[in-house]
Amino acid sequence: MPLYFADSSESLVPDAHAGFATAHAALVEHHPGHGYFRSRVTSPARRVGLVSGGGSGHEPLHAGFVGAGMLDAACPGRIFASPHNRQIFEASRAVAGDDGVLHLVKNYTGDRINFGIAAERLHHEGIRCERVLIDDDLATDSDEIAVGRRGTGATLLVEKILGAAADEGRGLDELVALGVDLTRRSRSLAVASAAHTTPASGTPAFDLPEDVLEFGVGIHGERADKTVPHAPLSKLVETMTDRLLAALPHGPRPRVLALVNGLGSVTSLELYGIHHILAKALDARDTALDRSLTGTFVSALDMRGFSLTLLATDDEALRLWDAPARTPAWPL
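Residues numbered from 1 in each chain as written. Predicted model: local features only at pLDDT ≥ 70, side-chain atom pairs only at ≥ 80, totals over all residues. Heavy atoms only, no water.

Draft legend 1. Spatial organisation of the overall build of the protein. Tallying secondary structure elements over the protein gives eight helices and 14 strands in all. For the protein, the C-alpha radius of gyration of 19 Å lies close to 20 Å, the compact-globule estimate for 332 residues. Once the C-alpha set of the protein is aligned to its principal axes, its extents read approximately 55 × 55 × 40 Å. Looking at the protein as a whole, 55% of its 332 residues qualify as buried. Across the protein, the fraction of contacts at a sequence separation of at least 24, relative to all contacts at a separation of at least 6, is 75%. Summed over its atoms, the accessible surface of the protein is roughly 13,700 Å², and 52% of this surface lies on carbon and sulfur atoms. Measuring between centres, the 31 positive side-chain charges of the protein sit 3 Å from its 42 negative side-chain charges. (Helix = DSSP H or I, 4+ residues; strand = E, 2+ residues; numbered from the N terminus. Rg over C-alpha atoms; globule rule 2.2 N^0.38 Å. Buried < 20%, exposed > 50% of the residue type's maximum accessible area, 1.4 Å probe, protein only. Contact = heavy atoms within 4.5 Å. Areas by Shrake-Rupley, 256 points an atom, 1.4 Å probe, with all protein chains shown as cover. Lys, Arg positive; Asp, Glu negative; His and termini not counted. Charge placed at Lys NZ, Arg CZ, Asp CG, Glu CD.)

What follows is the structure in structure tokens.
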């Protein structure tokens, strides 16, 4: 199996899950029989369990954000594949609070189907369950795309802010309303200069000439509807910034929370350079950068690319963002 350090493509995911559980045993419990991770610490004020999940290959999302102040449980699927509804049901039943459980779901067909089936099973058992559908990907904002925008980098922002709100004891309906509003105020855009490597074959998922970028790539390696020529990084980031800002709701002076996210093989050195350009671009556009986070948080295996996420923020969202959290991958 070229490139990946694993005994085989089949062992890559289960070995990683076992290793994650051992490395972070003080923070998370692993339930391999039912396929989920659960937080060992929960706020006594929390009335609603928060559950998310998705395909492996996006680490540290989602399991890396299970813990105090964020998710109660996460369900990892196979590489770029939805978790099974059985995993979601068992995790949700295990962490449901007095007011039920909230599913944080990225907008992909498989995720919607499996979380939906799990929700039906929970209702049959008398457990309240609602869903926040995260659909922030600007590249798929088109009436011609039936499923709508994909869920990408904003997932992390929603998980953090809703986690803090849940710790305040907010009920299920309140959390749903906040999550829907946060998603409405978030947009992301990703670019890549090379595809991820498919673990089973050791070959790139798609070929890309050296002189172009995939502009609007998805986190599962979905091709964009166009490529663009390589340009100075400052011009690329400014173009992405303009498109994101144009898609966001704004008050008299825009305020944003920003995520500069690596897709797998972009270095921290590069990401901080991107952050620097983004901050200058926002300032030039009279937009306040209230908070930011830089690093690899929502990856696509080893894709050579990055994404930008902007959330039109306010005082409440910032207060919840600043609330303490302790998970395997939360850096603040």
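The structure having been displayed, the exposition proceeds.
Draft legend 2. Spatial organisation of unusual backbone geometry. Note that the residue after Glu-59, namely Pro-60, is joined by a cis bond; omega there is 10 degrees. Among the secondary structure elements, Pro-60 is positioned in the loop between strand S3 (49-56) and strand S4 (73-79). Residue His-62 follows Leu-61 across a cis peptide bond; omega there is -5 degrees. In this fold, His-62 is placed in the loop between S3 and S4. A positive phi angle, close to 55 degrees, is found at Leu-301, a residue other than glycine. By the element assignment, Leu-301 lies in the loop between strand S13 (288-295) and strand S14 (304-312).

Draft legend 3. Focus on the packing of helix H6 (residues 233-247) against helix H7 (residues 268-284). It is the contact of H6 with H7, at a shortest axis distance of 9 Å, that shows an interaxial angle of 55 degrees. Looking at the two axes, H6 sits oblique to H7. As H6 packs across H7, the resulting crossing turns out to be right-handed. Residues Leu-233, Ser-234, Val-237, Glu-238, Thr-241 and Leu-245 of H6 form the contact with H7, whose own contacting residues are Ile-274, Ile-277, Leu-278, Ala-281 and Leu-282. For the contact of H6 with H7, the per-class residue count stands at eight nonpolar, two polar and one charged. (Axes fitted to C-alpha atoms, helices over the stretch in contact; angles between N-to-C directions. Parallel < 35°, antiparallel > 145°, perpendicular 65-115°, else oblique. Left-handed = near helix turned anticlockwise from the far one by under 90°. Nonpolar A, V, L, I, M, F, W, Y, C, P; charged D, E, K, R; others polar.)

Draft legend 4. Structural context of the domain arrangement of the protein. Each assigned domain of the protein is listed with its residue range as follows: domain 1 (11-184) and domain 2 (186-321). On a C-alpha basis, the centroid separation for the pair domain 1 and domain 2 is 23 Å. The interface of domain 1 with domain 2 comprises 35 residues on the first partner and 32 residues on the second. Buried area between domain 1 and domain 2, summed over both chains or domains, comes out near 2,900 Å², and the portion from carbon and sulfur atoms is 64%. Considering only the side of domain 1, the residues that lose the most area to domain 2 are Phe-80, Leu-138 and Leu-157, jointly responsible for 21% of the buried surface there. (Domains from an automatic or database assignment. Buried area = accessible area lost by both parts, 1.4 Å probe.)

Draft legend 5. Quick peek at the pattern of salt bridges. One pass over the structure, following the stated rule, counts 23 salt bridges. Residue Arg-128 pairs with Asp-99 through a salt bridge whose shortest N-O separation is 3.0 Å. A residue pair is termed long-range when its members are at least 10 positions apart, and Arg-128 in the loop between helix H3 (109-124) and strand S6 (129-134) and Asp-99 in the loop between helix H2 (85-95) and strand S5 (101-106) qualify at 29 residues. Judged by relative accessible area, Arg-128 falls into the partly exposed class, the value being 34%. Of the charged contacts, one joins Arg-150 and Asp-137 as a salt bridge, the two residues approaching to 2.7 Å between their closest N and O atoms. Of this pair, Arg-150 sits in the loop between S6 and helix H4 (154-167) while Asp-137 sits in the loop between S6 and H4, and the two are 13 residues apart along the sequence. The pair Arg-150 / Asp-137 is uniform in exposure class, with both members buried. Members of the salt-bridge network, linked through shared partners, are Arg-47, Asp-99, Arg-128 and Asp-173. (Salt bridge = Lys/Arg side-chain N within 4 Å of Asp/Glu carboxyl O.)

Draft legend 6. Up close: the sheet that holds S5. Ordered by their spatial adjacency, six strands build an open sheet running S1-S2-S4-S3-S5-S6, and the pairing between neighbours is mixed. A strand with exactly one partner marks an edge of an open sheet, and here the two such strands are strand S1 (28-31) and S6. This sheet shows a mean twist of 25 degrees between the axes of neighbouring strands, independent of strand direction. Pairing of S5 with S6 involves six bridges; the strand directions are parallel. Following the sheet pairing, Leu-104 is matched in S6 by Val-132. Of the strands in this sheet, S3, S5 and S6 are in contact with H3, which crosses S5 at around 170 degrees. (Pairing = 2+ DSSP bridges.)

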